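Here is how the chains run, residue by residue.
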Amino acid sequence: MVNWLFGLPKAVQSVGVNFIEGSGIDAISTNYIYDDNVMINTHNRWIDFGTGFKSGFRFTFEKATIISEKGGMKVYRDGQDITPEYDRTSPYYNEIKAFCDAVKDDTPIPEKNTPEQSMNTIRLALAEIESCEKNGAIVTL
């Protein structure tokens, strides 16, 4: 999501933890480093101990904050709480459906999910793994 919204960062710094032997990184925190004074941090984990899948985000911009949580989205600006209209189905469903429809109908892959963007996402994930393996060292992309 970071790559899609903000583009590929120039570097990452990640710390990961392995909870389940043999499973790889089970939880990771990453700082994404950009040239233009943008600060982005994510925390992800792949173990839930029965709590089920949840996702959310909080973006703070110059004039507004956007928060996604509990199946909804809020925009806070100038002391106002605004709830925009948007498709509340799973974002993963929409992404997979768009790709499958393009394959089925023999049409171009939607611009929102280009092969180059997929490649950059893989590059980003590999850089995060490398940073974890180097005890949180900054890894340039």
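Details of the structure are given in the entry above.
Residues numbered from 1 in each chain as written. Predicted model: local features only at pLDDT ≥ 70, side-chain atom pairs only at ≥ 80, totals over all residues. Heavy atoms only, no water.

Trainee: Would you mind showing me how to read the side chain of Asn 120 here?
Mentor: Its location among the elements puts Asn 120 in helix 3 (residues 115-133). When its relative accessible area of 14% is taken as the criterion, Asn 120 is described as buried. (Helix = DSSP H or I, 4+ residues; strand = E, 2+ residues; numbered from the N terminus. Buried < 20%, exposed > 50% of the residue type's maximum accessible area, 1.4 Å probe, protein only.)

Trainee: Please explain the environment of Tyr 34 as it appears in this structure.
Mentor: Within the secondary structure, Tyr 34 is located in the loop between strand 2 (27-33) and strand 3 (39-45). For the pair Tyr 34 and Phe 6, spaced 28 residues apart in the sequence, the C-alpha separation amounts to 9.3 Å. Ignoring sequence-local partners within four residues, the contact set of Tyr 34 consists of Val 2, Phe 6, Gly 7, Leu 8, Pro 9, Lys 10 and Ile 40. At 2.7 Å, the side chain of Tyr 34 and the backbone oxygen of Gly 7 are in polar contact. (Contact = heavy atoms within 4.5 Å. Polar contact = N/O pair within 3.5 Å; in protein donor to acceptor, adjacent residues only side chain to side chain.)

Trainee: Explanation requested: the environment of Glu 130 in the structure shown.
Mentor: When you line up the elements, Glu 130 lands in helix 3. You can call Glu 130 partly exposed: its relative accessible area is 30%. For the pair Glu 130 and Gln 13, spaced 117 residues apart in sequence, the C-alpha separation works out to 9.2 Å.

Trainee: Please clarify how the sheet that holds strand 3 should be interpreted in this entry.
Mentor: Strand pairing within a sheet occurs via backbone hydrogen bonds; the two strands may be parallel or antiparallel. Taken together, the four strands give an open sheet; going across it, the order is 3-2-1-8, and neighbouring strands pair in antiparallel fashion. The open sheet has two free edges, formed respectively by strand 3 and strand 8 (138-140), since each of these has just one partner strand. Averaged over all pairs of adjacent strands, the angle between their axes in this sheet comes to 25°, without regard to strand direction. Pairing of strand 1 (residues 11-17) with strand 8 involves three bridges; the strand directions are antiparallel. Along strand 8, the bridge assignment pairs Gln 13 with Ile 138. On the sheet, helix 3 packs against strand 1, strand 2 and strand 8 and is oriented at approximately 60° with respect to strand 1. (Pairing = 2+ DSSP bridges. Axes fitted to C-alpha atoms, helices over the stretch in contact; angles between N-to-C directions.)

Purely geometric stuff here, so don't read any function into it on its own.
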